[in-house]
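One-letter residues, chain by chain:
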Amino acid sequence: MSNSYVLVINSGSSSLKFAVIDSQSGDALVSGLGECFGLPEAEISWKYQGEKTVEAIPAGGNHHQYAVNRVVSLLETLGLTSQFVAVGHRIVAGGETFKGTVKVDEAVIEEVERLAELAPLHNKANATGMRAAMAAFPNLPQFAVFDTAFHQTMPPKAFIYGLPYELYEEQKVRRYGAHGTSHYYVSREAAKMLDKPVEQSNFITVHLGNGASVTAIKNGECVDTSMGLTPLAGLMMGTRCGDIDPSVIEFLFRKGWQQDELFDMLNKKSGFLGVSGVTSDARGVLEAMEKGNPRARLAFEIFTYRVAKYIGSYMVAIGEEVDAIVFTGGIGENSLPIRSEILNYLKVFGYQEDAKANADARFGQSGVITAKDSKLAVVIPTNEEFVIAQQSVAML
Ligand code: ADP
């Protein structure tokens, strides 16, 4: 048995990703995904030795709980339960309590549950995942890796809102950010690509997936990030609105909207979906745009314009030469037209796209996407599971 494999569990709001990963190479023995939890089409699938299996999840009950139990029985059937030395969990909100990776015990799980007020759908699922895995593997050490931890180095001017200060002191209302594990990973990989020590490197990392965020990294540390108290802030996303005037909420309340309806709209019916009226999926929006749908084009324009504006403002946050802009996430890794449009806005800062290089950097490929005499932008596929495996083994 190798002593470097880790079972990584990443519970999303309606999904669960899992993998048994080599913390040295990042290779997975088995990896899988449970998705559409709570819906009739809920299913779980996995890849093992090159073969993919898909299984329906029965209706009813807690699908997160079901999925963890199914992962455990699957690992038993495949004879893999003795192959890993730790379990690593991805946790979305760590508040100010968790500034780094910690060993999981009941007190940690309870604090994660308490912090669910910052990420209701995610943290509850994360706690379910930790409890189920603790019951299934009582003799293995388990670790919690927090999405917010990398952002804990932000200075107060970046994380305090212009609200009465007591709201921060008493209620801990502040910017926490999200996607920290991804921003951490791609900044480390970018430093390797540039052959520069990460603690002497400045990056603007741009994670564009269903959720999307931008982070300013100075000397290897986060100095600002676009998500806020919750992952609703900043960029426009698949279904989330990103930054809006808070008075929109008051305005709609006065029009008779109910609280749940309002927050459901901001979280699940806005963004690409709300603006385009077509889909939350970037590919679908781009296809509709190519067919001439004007609202799909508008969604594309809002999205790219806002990403570019955030990048511009993070030049100020860093205040020194930026070594590279780093694109990642499903859209950042794959979408040629979206990266191209963002780089077009950034010409003013000396960025010039290399169209061929941009077209080549897709489907898991890392690469430079700017021209020779341009300032540097690169694509680096993210790998949050690998970071979770590495940090878990480092804690052993
Ligand atoms: P999550 O935030 O759920 O982890 P991902 O990082 O997987 O999401 O990103 C999902 C997004 O990536 C979707 O909007 C999807 O359309 C987009 N995407 C994936 N492949 C492509 C592609 N080839 N071109 C454009 N967008 C893509």
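Residues numbered from 1 in each chain as written. Predicted model: local features only at pLDDT ≥ 70, side-chain atom pairs only at ≥ 80, totals over all residues. Heavy atoms only, no water.

Participant: I'd like a description of the nonpolar core, backed by residues and values.
Facilitator: Counting 42 residues, the largest nonpolar core has Ile204, Leu208, Ile311, Ile325 and Phe327 as the members making the most contacts within it. Elements represented by at least two residues in this core include exactly strand S9 (203-208), strand S10 (212-218), helix H10 (282-290), helix H11 (294-318), strand S12 (324-328), helix H13 (336-345) and strand S14 (377-379). Ranked by the residues each element gives to this core, the list is headed by H11, at eleven residues. Excluding anything up to four places from it in sequence, Ile325 contacts Ile204, Val206, Ile311, Met315, Leu346, Tyr351, Leu376, Ala377 and Val378. Membership of the second largest hydrophobic core comes to 24 residues, among which are Phe37, Ile44, Val68 and Ala132. (Core = buried A, V, L, I, M, F, W, Y, C linked by side-chain atoms within 4.5 Å. Buried < 20%, exposed > 50% of the residue type's maximum accessible area, 1.4 Å probe, protein only. Helix = DSSP H or I, 4+ residues; strand = E, 2+ residues; numbered from the N terminus. Contact = heavy atoms within 4.5 Å.)

Participant: Quick rundown of the packing of helix H1 (residues 63-77) against helix H3 (residues 120-136)? Include the residues and the values.
Facilitator: In a pair of packed helices, the angle between the axes and the distance between the axes together describe the arrangement. Interhelical geometry of H1 versus H3 gives an angle of 35° and a closest axis separation of 9 Å. In this structure, H1 crosses over H3, and the sense of that crossing is right-handed. Between H1 and H3, the residues in contact are His64, Gln65, Val68 and Val72 and Ala125, Thr128, Gly129, Ala132, Ala133 and Ala136, respectively. (Axes fitted to C-alpha atoms, helices over the stretch in contact; angles between N-to-C directions. Left-handed = near helix turned anticlockwise from the far one by under 90°.)

Participant: Which residues make up the sheet that holds strand S5 (residues 51-56), and what values do they have?
Facilitator: Read across the sheet, eight strands follow the order S5-S4-S3-S2-S1-S6-S8-S7 without closing on themselves; strand pairing throughout is mixed. Of all strands in the sheet, those with a lone pairing partner are S5 and strand S7 (102-103), marking the two edges. The sheet contact formed by strand S6 (residues 86-91) and strand S8 (residues 142-146) spans five bridges and is parallel. Bridge pairing in S8 places Gly88 opposite Phe143. Against the sheet, H3 contacts strand S1 (5-11), S6 and S8, and its axis sits at roughly 170° relative to S6. (Pairing = 2+ DSSP bridges.)

Participant: Describe in detail helix H6 (residues 180-194), supporting the description with residues and values.
Facilitator: Between its terminal C-alpha atoms H6 stretches 21 Å, which fits the 21 Å expected from 15 residues at 1.5 Å a residue. Here H6 has its buried residues at Gly180, Thr181, Ser182, His183, Tyr185, Val186, Ser187, Ala190 and Ala191. Each element contacted by the buried residues of H6 is listed here: S8, S9, S10, S12 and helix H15 (384-395). The first or second residue beyond H6 is Asp195, which carries a positive phi of 55°. (Expected span 1.5 Å × (residues − 1).)

Participant: An account of the UniProt feature "binding site: substrate" (unreviewed entry) in the protein chain is needed here, citing residue identities and associated values.
Facilitator: Taking the numbering used here, the UniProt-annotated feature "binding site: substrate" (unreviewed entry) corresponds to Arg90. With respect to the helices and strands, the residue Arg90 is situated in strand S6. Taking relative accessible area as the criterion, Arg90 reaches 14% and is therefore assigned buried. Not counting residues within four places of it along the chain, the set of residues in contact with Arg90 comprises Ile9, Asn10, Asn126, Val145, Asp147, Glu384 and Ile388. A distance of 3.1 Å separates the side chain of Arg90 from the side chain of Asn10, its partner in a polar contact. (UniProt positions renumbered as here; feature names shortened; annotations may be inferred. Polar contact = N/O pair within 3.5 Å; in protein donor to acceptor, adjacent residues only side chain to side chain.)

Participant: If you had to explain the pattern of salt bridges to someone new, which residues and values would you point to?
Facilitator: Going through the model one piece at a time under the given rule, you end up with 18 salt bridges. The shortest N-O distance in the salt bridge between Arg70 and Glu55 comes to 2.7 Å. Within this pair, whereas Arg70 is found in helix H1, its partner Glu55 is found in strand S5, the two being separated by 15 residues in sequence. The partly exposed category is assigned to Glu55, whose relative accessible area is 24%. Among the ionic pairs, Arg174 bridges to Glu96, the shortest N-O distance being 2.8 Å. Of this pair, Arg174 sits in the loop between helix H5 (165-171) and H6 while Glu96 sits in the loop between S6 and S7, placing them 78 residues apart in sequence. This pair shows no difference in class: Arg174 is buried, exactly as Glu96 is. Salt bridges sharing common partners tie together Glu96, Lys172 and Arg174. (Salt bridge = Lys/Arg side-chain N within 4 Å of Asp/Glu carboxyl O.)

Participant: With reference to specific residues and values, describe the site of the ligand.
Facilitator: The local shell around the ligand holds 13 residues, among which Asn210, Asp281, Ala282, Arg283 and Gly330 are the closest. The separation between an oxygen atom of the ligand and a polar main-chain atom of Gly330 is 2.8 Å. Protein chains shield 74% of the accessible area of the ligand, which is 580 Å² for the free molecule. At the level of elements, H10 and helix H12 (329-334) are the ones that each hand at least two residues to the shell around the ligand. When the residues that make up the shell around the ligand are grouped by side-chain class, the tally is two nonpolar, seven polar and four charged. (Near = heavy atom within 4 Å. Areas by Shrake-Rupley, 256 points an atom, 1.4 Å probe, with all protein chains shown as cover. Nonpolar A, V, L, I, M, F, W, Y, C, P; charged D, E, K, R; others polar.)

Participant: Mind laying out unusual backbone geometry, listing which residues take part and the relevant values?
Facilitator: With a phi angle near 55°, Asp195 is a residue other than glycine that sits in the positive phi range. Relative to the helices and strands, Asp195 resides in the loop between H6 and S9. In the Ramachandran plot, Asn219 falls in the positive-phi region, its phi being about 50° despite a non-glycine side chain. Take Asn219: it is sitting in the loop between S10 and strand S11 (221-225).

Participant: Talk me through the side chain of Asp22; I want residue IDs and the actual numbers.
Facilitator: Within the secondary structure layout, Asp22 lies in strand S2 (residues 16-22). Those residues in contact with Asp22 that lie beyond four places of it in its chain are Ser4, Tyr5, Asp27 and Phe386.

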